Amino acid sequence: MKQITLNNGVKMPMAGIGTFLLTPDEVEEAVLSALGNGYRLIDTANAYLNEKAVGRAMKKSGVEREDIFLETKLWPSFYEQEDAVEKTLERLETDYIDLLLIHQPAGNYMAGYRLMEKAYKEGKVRAIGLSNFNAEQIQEILDSCEAKPVILQTEVHPYDQEKELKEFLNRKGIVIQAWYPLGHGDEKLLKEPVFAKLGEKYGKSPAQIILRWHIQSENIVIPGSKNPEHIKDNFALFDFSLTDNEMEQIAELDQEKRYYVSTPELLKRYVEMVPPVDSQK
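Reference entry: report on the structure contained in this document.

Next up on the list: the overall build of the protein chain. Each helix and strand counted, the protein chain has twelve helices and ten strands in total. If one aligns the C-alpha atoms of the protein chain with their principal axes, the spans along those axes are about 55 × 40 × 35 Å. Out of the 281 residues in the protein chain, the part that is buried amounts to 57%. Of all intrachain contacts in the protein chain linking residues separated by at least 6 positions in sequence, the fraction that spans at least 24 positions is 76%.

Here it is, written out as structure tokens:
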């Protein structure tokens, strides 16, 4: 397992499991499977309505809490609730969160960031960061924060490599974490000839080649799956390396093609949406 050192000195695994769109039952099984296969990074969020299931799976796994890197995200409708972090801890049945993110640049996200900074100072959170923010919004946080964000979780894959944004983040000491690392399962991307060719060379699937490209690009990856074989395969990334030339071939696939596009209307809806976090299984 490769780790990366964040700008506050905390070490974070570079590959983990995502839980977006998975039901509590699916998440419990997926996280147990992932931890059993050597994963130590788990990503969830208030809005996924499966934090309680993540907490249950962590306890059932038998893996020591300090050996698990737990990441979750605050939802916009909770940014102004003083007990938002405490309630998140309760759902996860843990004393601390390794990485807590602002999920969307919607509503009063500065209030949400202040909540995270307070939790960070109190030792309830080991690191804090952002999700789905653009460079301008990140700079706004940097201009007023006391605790610097360590991570930007955003859409990144070979069809949208976010090269300019990544250069900006590198200058600020912020690491990219890729969601949709496989391009939202786009068959066209997975069937690109370069991945078939490299897959044949290394005895790996196109998905594994893409995930390895991320790791070598220093993008943390959190592919989601409820399929035990896919979960196992998505972690088998550390027994081979792509050459510089092969990395360049993949870099040439960049089309700046996004599968998720943020709009003011969408962000307004996020603020109005209150996930039923207390009634989740």
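Past the structure itself, the notes keep going.
Here we take up the nonpolar core. Core analysis: the largest hydrophobic core is formed by 97 residues, its most contacted members being Leu6, Met12, Ile138 and Ile151. Discounting residues that sit within four places of it in the chain, Leu6 has contacts with Met12, Phe69, Ala127, Val150, Ile151 and Val175.

With that settled, consider the packing of helix H1 (residues 24–36) against helix H2 (residues 51–61). Axis separation between H1 and H2 bottoms out at 8 Å; the angle between their running directions is 35°. For H1 against H2, the interelement crossing comes out right-handed. Along the contact surface, H1 presents Pro24, Val27, Glu28, Val31, Leu32 and Leu35, while H2 presents Ala53, Val54, Arg56, Ala57, Met58, Lys60 and Ser61. Residues that form the contact of H1 with H2 fall into these classes: nine nonpolar, one polar and three charged.

Turning to the sheet that holds strand S4 (residues 41–43), a few remarks are in order. On the basis of which strands lie adjacent, the open sheet formed by eight strands has the order S3-S4-S5-S6-S7-S8-S9-S10 and parallel pairing. Since the sheet does not close on itself, it has two edges, and those belong to strand S3 (17–18) and strand S10 (220–221), each with one partner. Across the sheet, helix H3 (residues 84–92) touches strand S5 (69–74) and strand S6 (99–102), and the angle it forms with S5 is around 135°.

Bringing the packing of aromatic side chains into the picture now. Tallied over the entire structure, the rule returns eight aromatic pairs. Geometrically, the ring pair formed by Trp75 and Tyr270 is edge-to-face, given 5.1 Å between the ring centres and 65° between the ring planes. Taken together, the residues Trp75 in the loop between S5 and H3 and Tyr270 in helix H12 (residues 264–272) connect sequence positions 195 residues apart. Owing to a relative accessible area of 4%, Trp75 belongs among the buried residues under this scheme. Taking 5.3 Å as the distance between ring centres and 40° as the angle between the ring planes, the aromatic pair formed by Tyr202 and Phe240 counts as tilted. Placement of Tyr202 in helix H8 (residues 193–202) and of Phe240 in the loop between helix H10 (228–233) and helix H11 (244–251) is noted, with a sequence separation of 38 residues between them. Judged by its relative accessible area of 7%, Phe240 falls in the buried class. Clustering of aromatic rings is evident, with ring pairs tying together Tyr39, Phe235 and Phe238. Arg65 extends its terminal NZ or CZ atom over the ring of Tyr96, reaching a point 4.0 Å from the ring centre. Over the aromatic face of Phe240 sits the side chain of Arg212, whose NZ or CZ is 6.0 Å from the ring centroid.

Quick look at the pairing of S6 now. Taking every second residue as pointing to the same face, both faces of S6 are buried, with Leu99 and Leu101 on one and Leu100 and Ile102 on the other. Strand direction decides the pairing type here: S5 and S6, joined by four bridges, are parallel. Considered in S6, the bridge of Lys73 is made with Leu101. Read as a crossover between parallel neighbours, the route from S5 over H3 to S6 is right-handed. Note that S6 and strand S7 (residues 128–131) share three bridges and pair parallel. Bridging across to S7, Leu101 finds its partner in Gly129. Note on the crossover from S6 through helix H4 (residues 109–121) to S7: the handedness is right-handed.

Let us look at the pairing of strand S9 (residues 175–179). Within S9, five of the five residues are buried, which leaves it mostly tucked inside the rest of the structure. Of the two faces of S9, the one holding Val175, Gln177 and Trp179 and the one holding Ile176 and Ala178 are both buried throughout. The pairing of strand S8 (residues 151–155) with S9 spans five bridges and is parallel. Considered in S9, the bridge of Ile151 is made with Val175. At this point the chain moves from S8, through helix H6 (residues 163–172), to the parallel S9, and the crossover so formed is right-handed. Both S9 and S10 contribute to a ladder of two bridges, which runs parallel. Bridge pairing links Ala178 to Val221 in S10.

Cut-off values and rules
- Residues numbered from 1 in each chain as written.
- Predicted model: local features only at pLDDT ≥ 70, side-chain atom pairs only at ≥ 80, totals over all residues.
- Heavy atoms only, no water.
- Helix = DSSP H or I, 4+ residues; strand = E, 2+ residues; numbered from the N terminus.
- Buried < 20%, exposed > 50% of the residue type's maximum accessible area, 1.4 Å probe, protein only.
- Contact = heavy atoms within 4.5 Å.
- Core = buried A, V, L, I, M, F, W, Y, C linked by side-chain atoms within 4.5 Å.
- Axes fitted to C-alpha atoms, helices over the stretch in contact; angles between N-to-C directions.
- Left-handed = near helix turned anticlockwise from the far one by under 90°.
- Nonpolar A, V, L, I, M, F, W, Y, C, P; charged D, E, K, R; others polar.
- Pairing = 2+ DSSP bridges.
- Phe/Tyr/Trp six-rings, centres within 6.5 Å; stacked < 30°, edge-to-face > 60°.
- Lys NZ or Arg CZ within 6 Å of the ring centre and 35° of its normal.
- Right-handed = clockwise from strand over helix to strand, strands pointing away.

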